Each structure stands twice: as C-alpha cells, then as structure tokens.
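A look at the structure
So the chains spell out like this:
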Amino acid sequence: MDFDLPGRSEAWREKLQGFFDAEVLPRHRAWLDHAAKGEAAPFMADLQRKARAAGLWNLGLPELSDDEPGTRLSNLEYAPLAEIMGRLFWAPEVFNCQAPDVPNMIALQNCATSEQKARWLQPLLEAKTRSAFGMTEPDVASSDATNIATRMVRAGDDYVINGRKWFITGAAHPRCSFLIVMGVTDSGADRTSRHSCIIVPMDTPGVRLVRRLRWMGCEDHVAPIGELAFDNVRVPRANLLGAEGEGFKVAQIRLGPARIHHCMRSIGLCELLIELMMVRSSERSAFGRTVIQYDTVQRWIAESRVELEQARLLAYRCAWRLDHAGHQDAWRDVSLIKVAVPAMLQKIADRAMQVFGAMGGSDDTPIHQALAWGRLLRIGDGPDEVHLRQIFRMEPMPSWSIATSPYLSAHPS
C-alpha cells in the first residue's frame, strides 16, 4: 500500500480540524453539563446545520449516490477524520457520523429496496431520525450468531416477531424510530441460512423498552443502550431487508464498517489520553520531582506512542484494503484491528488512570469512559476470541513439514 494519505484526505482533515476547534470543542463543557442532567444538548441541531453547510456531512459513507447528501470520501480518506471526531464521544453526531446509524445506513444502501430507502435511509442521511440494530440476546451466547433465537414467523403478508434483545446501542434514544432486527425465519435451514433481518418501527405494538442499560457504570449519552422485548410484533413482509435467509449477509455488510469506524475513533481517543498524561505528569510533583521526570511515567508514555502508531498503521491498511478489495476480501484486516485497537485503548487508558490517580476514575476526565469503552469493544461486534479464530483460520500452512523444512538442520538417517 501507499502509506501517504491522499492529498484530498489532508485537505478534508484540515477543514474538519478547523471546524472541530472552532465549533465543537468550545461546547464540550456545556455538553457535559447537559449530559449530567440527562438532557439533550440544545445546540446540537445548530451545530449539525453548520457542519452540513460546511460540507462536513455523512463523511463515513463512501457509497453515497449523487442524490444523497454527503462527501463520498473513501475509507482511507475518512480514517484521519474519524480520529478527530473520536477525541470527544459526542463529536461524531455533529457530522452525522455516529454509530449505530452509519452502519445501518450502509446496510440500507446495500440491501434495501428503493421504497425502503425512501422511508428509512433518507431520514437517517438527513439526521431527521435515529436507529438501532437488534442482534445480541440475553438467553444465548451471541458470540456465535447462529445461536440467535428470536423468532420471525410468516403470517400471510406479515412476520410475527417474538423474542428479546439487549445491549442494543441507540435503542433507548428518544429519537430512535426504527431498528433492524435479526431473527430466525426458517429453523430447518442450514445454520447460516436460518436468519433474516427485518425493519421494525419502534412504535409497532408489542415492541417494549424493558430498560435502559449502562456498561461498567457508564451511560452512553449519544446512543443510549436498551433492552427490548418483542411480544407478537407484527410487521409487513415488505420490511424484510434483503431476501429471507440472508440475515448474516446483511449483518456482515454493516459490521465491517462498524468495526473499522470504532477503531478509527479509538485511535483519536488514545491521542487525547497521551496528551492528558503528558500535561498531568508535567504539572504534578511527588517526592521532590515532577511526575513526568520518573522513568516509569516516561516509559508508559513512550510505550503508548509505540502501540498507537502500530494500531494506526493497521487501521489505515485495513481502510486501504476495504477501498481496493471490498468488505469480503478485507475480513482478515478488519479482524486484526478489531483485536489490536481495543487492547491498545485499554492499556493506554489504564496508564492514564494511573497517572491521574483518583481523578482518572471520576467524571472530570474521559479516562474511565475510555477504559470501559475499550473493554466493551473487546466484546461488541464479535469478541476477541471470534476474531482470533478467524485470523488463525486465514493463516496459510507452509508447504513443508518439520522433517523437510529447508530452514532446519538435517537429521542423520
């Protein structure tokens, strides 16, 4: 690959950085105040209008058509922009680049009918609504997605859905108007052909928000997590996303971009954590020296930089592979960064917390949320073990045996 970012990407990066510095970062403390009160930031709609007017809109959607609003950046061009947004948990929403809506837009772009796109995709592209994706279930090991047990039974021109989903990002958002639900439509089919995805409006009778969930004590204020029950929920067959039995195809189309976007944003968050460590350790003194003068702290910061640069190169290569080979041929690269980046984020956040002491575990800093987010990423969108298994399966076996290896010394006969 060419390790230089395209010139267009650098121009967009400078444009986004300028907007971030002038319009987003100065409002961060106000956003935190509103979030602490459980309120939506009243300035979000105005910020979104300004971002769209500046052309900084739908940046993470390379497959936009000419009549859809956005920039049509490639995955590699988008990567450094996602890093900037990743410095603040709420920043992606300003540019309509937040999860889970962007992966859902990609799924709708690739799998929806023209009627479905008009009803469900267009409002998402315009930030007129929010969405969710219901896959994980409390009663089965969802790391093996073939275990998904929610039933979707044909009844005339409808499907009747019964089941329960949880840890659904965005499902508890007051503006979430629909979600894509994965469930079993044919229990007798092959294990990867039993499931389908269907669009379910949130106001459909029988859809019930059981509770709002937190992760490790942290609230997701951008896309509040929910647990949903589906009790004889009836939706039209026309809401089926893709063909019946293609649930895994739909899920994989959305999961590839979701995973890489999470990793891109996490790299930006780690940049912020390193900056926080540098400043905090230079301003505090212990035992007669500033904290930054201690070898241990210098090593932590240096190790964090090494790990971050390695992860960034992996993420950029993955983005480059997605652009050149498509989602189907980039799975190994996606799995590599999905394992490497969350582990890096956890390590750097843990070091930052040690540098900050008690303050690092408080709401005064983003450090404890970063630590929790890194831990969540090691489970969400496929746990580490699933990705490691995939990486191993794609590792080629050498053509020689130990006995015939030209790299080893010969044994006497």
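Just above sits the structure.
Residues numbered from 1 in each chain as written. Predicted model: local features only at pLDDT ≥ 70, side-chain atom pairs only at ≥ 80, totals over all residues. Heavy atoms only, no water.

1. Focus on the overall build of the protein
- In terms of regular secondary structure, the protein is built from 12 helices and 10 strands.
- The C-alpha radius of gyration of the protein comes to 23 Å, within 12% of the 22 Å expected for a compact globule of 413 residues.
- Across its three principal directions, the C-alpha atoms of the protein cover 80 × 75 × 40 Å.
- Taking the intrachain contacts of the protein between residues at least 6 apart in sequence as the baseline, contacts between residues at least 24 apart amount to 73%.
- Here the protein displays about 19,300 Å² of accessible surface, and carbon together with sulfur accounts for 52% of that area. (Helix = DSSP H or I, 4+ residues; strand = E, 2+ residues; numbered from the N terminus. Rg over C-alpha atoms; globule rule 2.2 N^0.38 Å. Contact = heavy atoms within 4.5 Å. Areas by Shrake-Rupley, 256 points an atom, 1.4 Å probe, with all protein chains shown as cover.)

2. Remarks on the pairing of strand S3 (residues 158-168)
- In this sheet, S3 lies alongside strand S2 (residues 151-155) in antiparallel orientation, the contact comprising 5 bridges. Note on S3: the bridge partner recorded for Met 152 is Ile 161.
- Here S2 hands over to S3 after 2 residues, with Gly 156 in that stretch at a positive phi of 65 degrees. (Pairing = 2+ DSSP bridges.)

3. What to know about the packing of aromatic side chains
- Summed over all chains, the structure comprises 7 aromatic pairs.
- On the numbers, 6.0 Å between centres and 65 degrees between planes, the contact of Phe 43 with Trp 90 is edge-to-face. Separated by 47 residues along the polypeptide, Phe 43 in the loop between helix H2 (28-36) and helix H3 (44-53) and Trp 90 in the loop between helix H4 (75-85) and helix H5 (91-94) bring together distant segments of the chain. With respect to class, Phe 43 is no different from Trp 90; both count as buried.
- Ring geometry for Phe 167 against Trp 215: centres 6.4 Å apart, planes inclined by 85 degrees, an arrangement best described as edge-to-face. Here Trp 215 lies in the loop between strand S6 (207-213) and strand S7 (225-236) and Phe 167 lies in strand S3, a separation of 48 residues in the sequence.
- Through successive ring pairs, a cluster of aromatic residues spans Trp 31, Phe 43 and Trp 90.
- Above the face of the Phe 133 ring, Arg 254 is positioned so that its terminal group lies 4.2 Å from the ring centre.
- Geometry around Tyr 294 places Arg 289 over its ring, the cationic atom sitting 4.1 Å from the centre. (Phe/Tyr/Trp six-rings, centres within 6.5 Å; stacked < 30°, edge-to-face > 60°. Buried < 20%, exposed > 50% of the residue type's maximum accessible area, 1.4 Å probe, protein only. Lys NZ or Arg CZ within 6 Å of the ring centre and 35° of its normal.)

4. Structural notes on the state of the cysteines
- Tallied over the full model, the rule gives 0 disulfides.
- With no disulfide of its own, Cys 176 lies 15 Å from the sulfur of Cys 197, the closest cysteine sulfur.
- In this structure Cys 318 is a free cysteine whose sulfur lies 7.8 Å from that of Cys 263, the closest cysteine sulfur available.
- We classify Cys 318 as buried; its relative accessible area is 0%. (Disulfide = S-S within 2.5 Å.)

5. Considering the environment of Leu 32
- Here Leu 32 is to be found in helix H2.
- In the structure, Leu 32 is positioned 332 residues away from Asp 364 in sequence and 9.5 Å away in space, judged by C-alpha atoms.

6. Notes on the pattern of salt bridges
- Tallied over the entire structure, the rule returns 29 salt bridges.
- Lys 50 serves as the salt-bridge partner of Glu 23, at 3.4 Å between the closest nitrogen and oxygen. With Glu 23 in helix H1 (residues 7-24) and Lys 50 in helix H3, the pair connects residues that are 27 residues apart, well separated along the chain.
- Taking the relative accessible area as the measure of exposure, Lys 50 reaches 31% and is therefore partly exposed.
- Close ionic contact of Glu 93 with Arg 130 constitutes a salt bridge, the shortest N to O distance being 3.3 Å. On the criterion of sequence distance, the pair formed by Glu 93 in helix H5 and Arg 130 in strand S1 (residues 130-134) is long-range, its members being 37 residues apart. Arg 130 shares its class with Glu 93; the two are buried.
- Connected via shared salt-bridge partners are Glu 23, Arg 27, Asp 46, Arg 49 and Lys 50. (Salt bridge = Lys/Arg side-chain N within 4 Å of Asp/Glu carboxyl O.)

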